[in-house]
Amino acid sequence: MADKVKVAVLISGRGSNMLALSEHKRKDPDRAYEIVLVASNVPEARGLVLARRLGIATWSLSHQGMKREEFDALLDSELRRRDVELVALAGYMRLLSPWFIERWQGRILNIHPSLLPLHKGLDTHKRALDAGDSEAGCSVHVVTEALDDGAVIGQARVRIRPRDTPESLAERVLAEEHKLYPVALEQYCAALREAEAG
Ligand code: GRF
């Protein structure tokens, strides 16, 4: 059986999606991926503490005062050093430079808390409510230079309830994110290996 796809998860905060990806792998070591690094642009990110507790290697560096490409070059070196093959953004709250995206073309996934192409960017739950949408959800997509715009590889939906607030909706969508992202990552990694095998 082919080696597992080496994945780095990029986070900026609490890291609940990172945890879900790690948990999915822990339940079945035969999964097509393994998380070899959790990296962050926020050294105090809660998710880094969780990753360390799980025994996953971490890397962090504050991006403050750095040019985008300068930061991304250091991140890229760390990823290469660890033989990372795929980058999974999970609440990574910093735009990646075009240079980085080009270098990792087809090898960066993101989870976004809306039913793309609806509500790209921030404040998705409030915007879904303000728009009077009847459903909300989350999407896993391939990252391209345009924000939240690459091919969608998986989506999960939740019904919007009359008394929903951005917070109540976020909670239900997050529960779906935790189920969707591991499955989407697994499928993407399995497909990568199949493509390599020809
Ligand atoms: C999630 O809602 C994700 O969709 C968005 O940022 C949030 C990250 O949450 N991109 P967590 O850090 O995974 O808990």
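Residues numbered from 1 in each chain as written. Predicted model: local features only at pLDDT ≥ 70, side-chain atom pairs only at ≥ 80, totals over all residues. Heavy atoms only, no water.

Right, let's get into the packing of aromatic side chains. Considering all chains together, one arrives at 2 aromatic pairs under this definition. Taken together, a centroid distance of 6.0 Å and an interplanar angle of 20 degrees make the contact between F100 and W104 stacked. Looking at F100, the relative accessible area reads 0%, which means it is buried. With relative accessibility at 3%, the residue W104 sits in the buried group. R94 extends its terminal NZ or CZ atom over the ring of F71, reaching a point 5.6 Å from the ring centre. (Phe/Tyr/Trp six-rings, centres within 6.5 Å; stacked < 30°, edge-to-face > 60°. Buried < 20%, exposed > 50% of the residue type's maximum accessible area, 1.4 Å probe, protein only. Lys NZ or Arg CZ within 6 Å of the ring centre and 35° of its normal.)

The next thing to look at is the site of the ligand. Taken together, R14, G15, S16, N17, G91, I111, P113 and E177 make up the full set of residues near the ligand. Between an oxygen atom of the ligand and a side-chain N or O atom of R14, the distance comes to 2.5 Å. Contact between the ligand and N17: an oxygen atom at 2.8 Å from a main-chain N or O atom of the residue. In isolation the ligand offers 370 Å² of accessible surface; the protein chains occlude 85% of this area. Judged by the proximity of its atoms to the pocket grid, the ligand belongs to the largest pocket. Grouping the amino acids of the shell around the ligand by side-chain chemistry returns 2 nonpolar, 4 polar and 2 charged. (Near = heavy atom within 4 Å. Polar contact = N/O pair within 3.5 Å; in protein donor to acceptor, adjacent residues only side chain to side chain. Areas by Shrake-Rupley, 256 points an atom, 1.4 Å probe, with all protein chains shown as cover. 1 Å grid on protein atoms, 1.4 Å probe; cavity = no way out; pocket = protein on both sides within 12 Å on 5 of 7 lines; lining within 4 Å. Sits in = over half its atoms within 2 Å of the grid points. Nonpolar A, V, L, I, M, F, W, Y, C, P; charged D, E, K, R; others polar.)

Turning to the sheet that holds strand β2 (residues 33-40), a few remarks are in order. In space, the 7 strands of this open sheet follow the order β3-β2-β1-β4-β5-β6-β7, with mixed pairing throughout. Each end of this open sheet is capped by a strand with a single partner; those strands are β3 (58-60) and β7 (152-159). The average undirected angle you get between the axes of adjacent strands in this sheet is 20 degrees. Two elements, strand β1 (residues 5-11) and strand β4 (residues 86-89), share 4 bridges in a ladder whose sense is parallel. Each residue of the ladder has a partner; that of V7, found in β4, is L86. Each of β1, β2, β4 and β5 (108-112) is contacted by helix α1 (residues 16-27), which is oriented at about 160 degrees to β2, the strand it contacts most. (Pairing = 2+ DSSP bridges. Helix = DSSP H or I, 4+ residues; strand = E, 2+ residues; numbered from the N terminus. Axes fitted to C-alpha atoms, helices over the stretch in contact; angles between N-to-C directions. Contact = heavy atoms within 4.5 Å.)

A separate point is α1. In a regular helix each residue adds 1.5 Å, so 12 residues correspond to 16 Å; α1 covers 16 Å between its end C-alpha atoms and thus fits that length. Among all positions of α1, only S16, N17, M18, A20, L21, S22, H24 and K25 are buried. (Expected span 1.5 Å × (residues − 1).)

A few words on the pairing of β4. Judged by which residues are buried, β4 turns out to be covered on both faces: L86 and A88 on one side and V87 and L89 on the other are all buried. Taken together, β4, helix α4 (residues 98-103) and β5 form a β-α-β motif whose crossover is right-handed. (Right-handed = clockwise from strand over helix to strand, strands pointing away.)

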